[in-house]
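Here are the chains, one letter per residue:
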Amino acid sequence: MIEYVENKENIARRIARIFKTGDVVNLGIGLPTLVGNFVPEDVTVILQSENGLIGLGPAPAPGKEDKDLTNAGAMPVSILPGGAYFDSATSFGIIRGGHVDYTVLGVLEVDQEGNLANYKIPGKMVPGMGGAMDLTTGSRVVIAATTHLEKSGASKLKRRCSLPLTAVREVDIVVTDVGYFEILGGKYYLREYFEPYTPDWIKEHTDAEIVVGEDCKPCFC
Amino acid sequence: MIEYVENKENIARRIARIFKTGDVVNLGIGLPTLVGNFVPEDVTVILQSENGLIGLGPAPAPGKEDKDLTNAGAMPVSILPGGAYFDSATSFGIIRGGHVDYTVLGVLEVDQEGNLANYKIPGKMVPGMGGAMDLTTGSRVVIAATTHLEKSGASKLKRRCSLPLTAVREVDIVVTDVGYFEILGGKYYLREYFEPYTPDWIKEHTDAEIVVGEDCKPCFC
Amino acid sequence: MITKPIISAAEAAAMVKTGQVVQVGGFLGCGSPDSVLGALVTAGINNLVLVCNDTSVLDEKKQRSNGVADLIKAAAFSKVIVSHIGTNPETQRQMNAGELEVVLVPQGTLAERIRAAGCGLGGILTPTGVGTEVEQGKQKLLVADRVWLLEEALPGDVGLIKARKADKAGNLVYSKTARNFNPLMAMACKLVIAEVEELVEIGEIDPDHVHTPSIFVDYLVMSREGSKS
Amino acid sequence: MITKPIISAAEAAAMVKTGQVVQVGGFLGCGSPDSVLGALVTAGINNLVLVCNDTSVLDEKKQRSNGVADLIKAAAFSKVIVSHIGTNPETQRQMNAGELEVVLVPQGTLAERIRAAGCGLGGILTPTGVGTEVEQGKQKLLVADRVWLLEEALPGDVGLIKARKADKAGNLVYSKTARNFNPLMAMACKLVIAEVEELVEIGEIDPDHVHTPSIFVDYLVMSREGSKS
């Protein structure tokens, strides 16, 4: 019997391998931010931050923080040579205008139609959508990053989201700590799985319909 | 008998006295450009040029022209200390957004309803509206600057424009070389006249309805 | 060039009147006019409508707050129009208690609505929010074979913004990601008060480096030493 | 940071294909990419759709021309979408002869339509043109007690723009009033070729002074010595 153990690092590692040199990428707050740590050395991606920055660099050394230079999560960051600053209208012009290749977002629920819910649990918790609705609408490829199961054991990959939607049929790829999924024609296609999980285990522990792709293979991150 | 003699300088002089310190003013190509030469020394207006400049200064000395610094008529200009450059979207944001106090435009026809025609004589001459439609729509006060009569002797101040309109009910003030008019409630109110012309002469030589204001007086420029 | 009056944060706060729509720059406190906001807390203003990216950061345990967070805590607002309230639990508490109306707007839509107001546009057509709760009560239009939401311009009575540097005419230069909504709000508000860290002579800012031209700015306030932002 | 290919004006011209919508920066020739435009004349391209502020200046007597004027003379366009044609009599001649379709757009509307395309908006509501011939065939909407024209986004296939300076990543800085439509078109076109006068190393441009971020630029062309603009 396989026991599920949360593994956010595997999610971040696998997503980081999706990008190729030159891609413009926006990483959401939380788990998606981790992705930046695992981009292969021979790949140069350009990180966009919706608060007004392209060419996002690593966190500064302690004591080197600049109060005027943060990411969209208000954490101190740096800018790489060749980066640029802009106002919020231009920032979302970049995003909505299709100039961002990949956006990686966290999840409350994501369903097999490509719907995503991540900004509101009515009556309980309402953080707000921030830039997530524009990011999912505007980016070329939308990647949802999530642990596969809730703490309760419930599946995060739904047949149909029940919470208010952030994005309608916009999600292309979902990476969890058990596998890599593409959403196509209203179904999840399992492309890769993280051992020790198996395709059968994944189908059993997922609420949504899973199709195991013919070329489905284990993932080595 | 009074003979009509074109006098563009009088028009420019009178308009220049309308402004007070701090006003943001856009001067159109041609006759309106002359206005800049006659702003009283104790009044500081801020000139906006729709091609992307605020703080327009005088023409540079011969040999000091900068190919990258022109006005909306492609003439070399300068910028005053404290001026700023911006792109065309911001420039018309300034204009349409109500941040320009006065716009001064040339005229083919202007009527007593405040309509202005100055961009097109169908089948004959079609220069295009350039920025004039935005300027008349957005500016707080629209001033039309025109000689009073055509070369043919026809009046430029119409009851109703016959040419395609640049502006619908947007003109507030018309200054010609015979007088200073305000448009109110579908009529021209003559506020000042240039001697030797008299209110009677003006009424006689104008197509539009002229009301001679009670406080109508000669203008000394 | 005309010079702009330099006033104190308290004088700036006194220009804000109850019931007004106040647009405040900053993104989770980065680039917000903290000296003026502090003076508004002191003035005890209330019943304002806030337009801001977020309600900033309030962490009671760490006794940390910035941006508009202390004004939220002081119950200065009857309504907030923002994209995010997740970092200020007090916003959520007031909302749940029925003390505060919260209107959530997608961040890119918020930016365009403010810009539209400043640019004399009635609104814009955005794809963002179609099919979500955001579309409720809004007109949908089919243009170029796609469905768009009509989002209306969002003007303000007072804009409280923050810049790194001003010249005495009021030309503004922002610093890094502290720019965010500040230049948009400078265009969109009837009265604009810019808090700045440094004041230079007219002519010292290259006109190609100006982010907000002077004509948008009515008053300047110097940031007090050691203010949070 | 990624570097952008530096190509010749002729190579740039060869990327423009007949039938495409080409957006060209410049205001009566100030800030237009004259080296690339010259190469397009040499290449003998035709049947393009031009989006530009104007058709620039053509003065046959003084043998003076700039910007897109020589391309107009070379009959490169089947249609032009511009705000002004008054300084190029050849545009008017071709229009009257039925050889060229001329669509006149108010300058501020043209700027916003291009920007909307670049920003992923379907269009904007403007008061400009209501009650004039400009409103013909367009939707009118009543919003906030005022009538507005719905003006749709105007994207381009190729953007030919001009900047003062680029770094090797493609970040652009414009000079004075040569900025005009260039940064808007950089956002609105699928393929963007920027002609520049000076090329500097990555890191030499202050990120707060960048007018067009590098991600909008695909290719760089060096202005030839003595080019008109």
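Everything numeric here is computed off the predicted structure, so don't read it as measured data. Residues take numbers from 1 onward in each chain, read along the sequence in its written order. A letter from A marks each chain and a number from 1 marks each ligand, given out in the order of writing. With the structure being a predicted model, the display of local features is reserved for residues of pLDDT at least 70 and the display and counting of side-chain atom pairs for 80 or more, all residues being used for whole-chain, interface and lining totals. The side-chain quantities take in all heavy atoms of the structure and omit both hydrogens and water.

Colleague: An account of the overall build of chain A is needed here, citing residue identities and associated values.
Modeller: Secondary structure elements follow DSSP: runs of H or I of four or more residues count as helices, runs of E of two or more count as strands, with numbering from the N terminus. Counting its secondary structure elements, chain A contains five helices and 13 strands. Computation of the radius of gyration draws on C-alpha atoms alone. For the globule rule, the value is 2.2 Å times the number of residues to the power 0.38. A compact globule built from 221 residues would reach a C-alpha radius of gyration of about 17 Å, and chain A, at 17 Å, matches this within 12%. Each principal axis of the C-alpha distribution contributes one length, and for chain A these read about 50 × 40 × 30 Å. Out of the 221 residues in chain A, the part that is buried amounts to 61%. In what follows, a contact means two residues having at least one pair of non-hydrogen atoms within 4.5 Å. Sequence separation of at least 24 residues holds for 62% of the intrachain contacts in chain A that already meet a minimum separation of 6. Approximately 8,900 Å² of chain A is accessible, and the part contributed by carbon and sulfur atoms is 50%. Averaged over its 21 positive side-chain charges, chain A has a centre that lies 3 Å from the centre of its 29 negative ones. Exposure is judged per residue with a 1.4 Å probe applied to protein chains only, and the accessible area is read against the type maximum: over 50% gives exposed, under 20% gives buried, and values in between give partly exposed. Computed with a 1.4 Å probe, the accessible areas rest on the Shrake-Rupley method; for each residue, only the protein chains presented here act as cover. Charged-residue counts in this description rest on Lys and Arg as positive and Asp and Glu as negative, His and the chain ends being excluded. For the purpose of locating charges, the reference atoms are NZ of Lys, CZ of Arg, CG of Asp and CD of Glu.

Colleague: Can you explain the interface of chain A and chain C? Please cite residues and give values.
Modeller: For interface size, the figure often reported is the accessible area lost on association. Contacts between the two partners involve 36 residues from chain A and, on the opposite side, 42 residues from chain C. Buried area, as used here, totals the accessible surface that two parts lose on assembly, with accessibility defined by a 1.4 Å probe and the loss added over both. Of the roughly 3,000 Å² buried between chain A and chain C on both sides combined, carbon and sulfur atoms contribute 58%. For salt bridges, the criterion is a side-chain nitrogen of Lys or Arg within 4 Å of an Asp or Glu carboxyl oxygen. Our count for the contact surface shared by chain A and chain C stands at three salt bridges. E197 of chain C serves as the salt-bridge partner of K67 of chain A, at 2.8 Å between the closest nitrogen and oxygen. At four residues, helix 3 (residues 88-96) of chain A tops the list of elements feeding residues into the side of chain A that touches chain C. Residue polarity is assigned by list, with Asp, Glu, Lys and Arg as charged and Ala, Val, Leu, Ile, Met, Phe, Trp, Tyr, Cys and Pro as nonpolar; anything else, Gly included, falls into the polar class. Grouping the constituent residues of the side of chain A that touches chain C by class yields 17 nonpolar, 10 polar and nine charged.

Colleague: Lay out the interface of chain D and chain B in plain terms, naming residues and giving numbers.
Modeller: Listed by partner, the interface residues are 41 residues for chain D and 36 residues for chain B. A combined buried area of about 3,000 Å² lies between chain D and chain B, and 59% of that area is made up of carbon and sulfur atoms. The largest share of the area that chain D buries against chain B comes from E133, K176 and T177 of chain D, three residues that together contribute 19% of it. Counting every contact that joins chain D to chain B gives three salt bridges. In this structure, the salt-bridge partner of E133 of chain D is K120 of chain B, at a minimum N-O distance of 2.7 Å. We call two N or O atoms a polar contact when they sit within 3.5 Å, provided that within protein one can donate a hydrogen and the other can accept it, with sequence-adjacent residues counted only if both atoms are side-chain atoms. On the surface where chain D and chain B come into contact, there are 20 residue pairs in polar contact (both at pLDDT 80 or more). Looking at the side of chain D that touches chain B, the elements that each hand over two or more residues are helix 4 (89-96), helix 5 (107-118) and helix 6 (182-188) of chain D. Ranked by residues supplied to the side of chain D that touches chain B, first place goes to helix 5 of chain D with six residues. Here the residues of the side of chain D that touches chain B sort into 16 nonpolar, 16 polar and nine charged.

Colleague: Can you tell me about unusual backbone geometry, naming the residues and giving the values?
Modeller: Note the cis peptide between E195 of chain A and P196 of chain A, where omega equals 15°. Checked against the element boundaries, P196 of chain A lands in the loop between strand 12 (187-193) and helix 5 (199-204). Phi angles above zero are rare outside glycine, and L28 of chain C is one such case at about 50°. On the secondary structure map, L28 of chain C appears in the loop between strand 2 (21-24) and helix 2 (34-43). Unusually for a residue other than glycine, K176 of chain D sits at a positive phi of about 50°. By the secondary structure assignment, K176 of chain D is in the loop between strand 12 (172-173) and helix 6. Among the residues examined, K176 of chain D registers a relative accessible area of 24% and is labelled partly exposed.

Colleague: Give a detailed account of the sheet that holds strand 11 (residues 179-184) of chain A, specifying residues and quantitative values.
Modeller: All names here are of chain A. A strand pair is defined by DSSP finding two or more bridges across the two strands. Spatial strand order, 4-3-2-1-5-8-10-11-12-13: 10 strands in an open sheet with mixed pairing. Strand pairing shows two members of the sheet lacking a second neighbour, strand 4 (78-85) and strand 13 (210-218), which therefore form its edges. Between one strand axis and the next, the sheet turns by 25° as a mean value, whatever way the strands run. The angle between two axes is taken between their N-to-C directions and runs from 0 to 180 degrees, where each axis is a line fitted to C-alpha atoms and a helix contributes only its stretch in contact.

Colleague: Break down the packing of aromatic side chains for me, citing the residues and quoting the values.
Modeller: Planes of paired rings set the category: under 30 degrees apart is stacked, over 60 is edge-to-face and the rest tilted, where pairs are Phe, Tyr or Trp rings (Trp by its six-membered ring) whose centres lie within 6.5 Å. In the structure shown here, the tally under the stated rule is 10 aromatic pairs over all chains. Ring centres 5.8 Å apart and planes at 75° place the aromatic pair F181 of chain B and Y188 of chain B in the edge-to-face group. With respect to class, F181 of chain B is no different from Y188 of chain B; both count as buried. One aromatic cluster in this structure is built from Y4, Y197 and W201 of chain A.

Colleague: Can you lay out the sheet that holds strand 10 (residues 173-175) of chain B for me, pointing to particular residues and giving the numbers?
Modeller: All names here are of chain B. Taken in spatial order, the 10 strands line up as 4-3-2-1-5-8-10-11-12-13 in an open sheet, and their pairing is mixed. Taken across any chain shown, the strands that pair with only one partner, and hence form the sheet edges, are strand 4 (78-85) and strand 13 (210-218). For this sheet, the mean inter-axis angle between neighbouring strands, taken without regard to orientation, is 25°. Here four bridges tie strand 5 (residues 102-105) to strand 8 (residues 141-145), and the two strands are oriented parallel to one another. From the neighbouring strand, T103 faces strand 8, where its bridge partner is V142.

Colleague: Please give an account of the pairing of strand 3 (residues 48-51) of chain C that cites residues and values.
Modeller: Residues and elements named next belong to chain C. Of the two faces of strand 3, the one lined by L48 and L50 and the one lined by V49 and V51 are each fully buried. Bridging between strand 2 and strand 3 involves three bridges; their strand directions are parallel. Note that in strand 3 the partner of V21 across the bridge is V49. By convention, orient the strands away from the viewer: a clockwise path from the first strand over the helix to the second makes the crossover right-handed. Regarding topology, helix 2 serves as the crossover connection from strand 2 to the parallel strand 3, and that connection is right-handed. Sheet topology note: the strand 3/strand 6 (residues 77-82) ladder contains four bridges and is parallel. Residue pairing across strands places V51 opposite I81, the latter belonging to strand 6.

Colleague: Break down the side chain of T55 of chain D for me, citing the residues and quoting the values.
Modeller: Residues and elements named next belong to chain D. When you line up the elements, T55 lands in the loop between strand 3 (48-51) and strand 4 (58-59). For T55, a relative accessible area of 0% puts it in the buried group. Discounting residues that sit within four places of it in the chain, T55 has contacts with L50, V68, A69, I72, V80, V82, H84, I85, N88 and T91.

Colleague: Pulling in residues and values, what's your account of the side chain of H99 of chain A?
Modeller: Within the fold, H99 of chain A resides in the loop between helix 3 and strand 5 (102-105). Residue classification places H99 of chain A among the buried residues on the basis of a relative accessible area of 18%. Of note is the side chain of H99 of chain A, whose polar atom sits 3.5 Å from the backbone oxygen of G97 of chain A. Among the polar contacts listed, one links the side chain of H99 of chain A to the backbone oxygen of M187 of chain D, at a separation of 3.3 Å. Leaving out residues up to four positions away in the same chain, H99 of chain A has contacts with V24, G93 and I94 of chain A together with G118, M187, I215 and F216 of chain D.

Colleague: Please set out the environment of Y102 of chain B residue by residue, giving values where relevant.
Modeller: All names here are of chain B. Turning to its location among the elements, Y102 is positioned in strand 5. A relative accessible area of 10% places Y102 in the buried class. Sequence separation between Y102 and F19 is 83 residues; the distance between their C-alpha atoms is 8.2 Å. Those residues in contact with Y102, other than ones at most four positions away along the chain, are I18, F19, D23, V24, V25, N26, S139, R140, V141 and I143.

Colleague: Residues and numbers for empty space enclosed by the protein, please.
Modeller: By rolling a water-sized probe across the atoms, one finds the places where empty space is left. Using protein atoms alone on a 1 Å grid, points that fit a 1.4 Å probe yet trap it form a cavity, whereas open point sets bounded by protein on both sides within 12 Å along at least five of seven lines form a pocket; residues with an atom within 4 Å of a point count as lining. Grid points are joined across faces, edges and corners, and a volume is the space filled by probe spheres set on the points. This model, assessed by the stated rule, comprises four cavities of 30 Å³ or more. For the largest cavity, the calculated volume is near 730 Å³. As for the largest cavity, its lining consists of 37 residues, of which D87 and T90 of chain A, D87 and T90 of chain B together with R179 of chain C are closest to the centre. When contributions to the lining of the largest cavity are tallied by element, the ones reaching two or more residues are helix 3 of chain A, helix 3 (88-96) of chain B, helix 6 (182-188) of chain C together with helix 6 of chain D. Ranked by the residues each element gives to the lining of the largest cavity, the list is headed by helix 6 of chain D, at four residues. Classifying every residue of the lining of the largest cavity by side-chain character gives 21 nonpolar, eight polar and eight charged.

Purely geometric stuff here, so don't read any function into it on its own.
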